[in-house]
Amino acid sequence: TMSRDEISKIVNDIFTGIFKLENEVISNETNSDDVKNWDSLNHIILITAIENEFKIKFPLGEMSDLRSIGDIIDSCMIKLEGE
């Protein structure tokens, strides 16, 4: 099982790549209000990239509940522990 830190690093790497962030500090509280390009399309791109990386699936209804980086990491942890 991966640790929260390991999952967090991968999610942050994917996130910074998609949103082309360089020096911004990303925390568990980072959400779409903090990142100007984090719209519904980029949210789907982000979640899809995370699904592919971890080989997990988020049901459509759950995708919209993932409002912050912390939510995404927590949800990844739950899904990865369930395997």
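Structural notes, computed from the coordinates. (Residues numbered from 1 in each chain as written. Predicted model: local features only at pLDDT ≥ 70, side-chain atom pairs only at ≥ 80, totals over all residues. Heavy atoms only, no water.)

It is worth spelling out the nonpolar core at this point. Of all hydrophobic cores here, the largest spans 23 residues; its most connected members are V11, F15, I50, I72 and C76. Counting residues per element, the ones that place at least two in this core are α1 (4–18), α2 (40–54) and α4 (69–81). Element by element, the count of residues in this core is highest for α4, at six residues. (Core = buried A, V, L, I, M, F, W, Y, C linked by side-chain atoms within 4.5 Å. Buried < 20%, exposed > 50% of the residue type's maximum accessible area, 1.4 Å probe, protein only. Helix = DSSP H or I, 4+ residues; strand = E, 2+ residues; numbered from the N terminus.)

On to the pattern of salt bridges, then. Counted by the stated rule, this structure contains four salt bridges. When the shortest N-O distance is used, the salt bridge between K57 and E51 registers 3.5 Å. K57 gets classed as exposed once you look at its relative accessible area, which sits at 63%. In this structure, the salt-bridge partner of K79 is E62, at a minimum N-O distance of 3.2 Å. Taken as a pair, K79 in helix α4 and E62 in helix α3 (residues 60–63) lie far apart in primary sequence, 17 residues in all. (Salt bridge = Lys/Arg side-chain N within 4 Å of Asp/Glu carboxyl O.)

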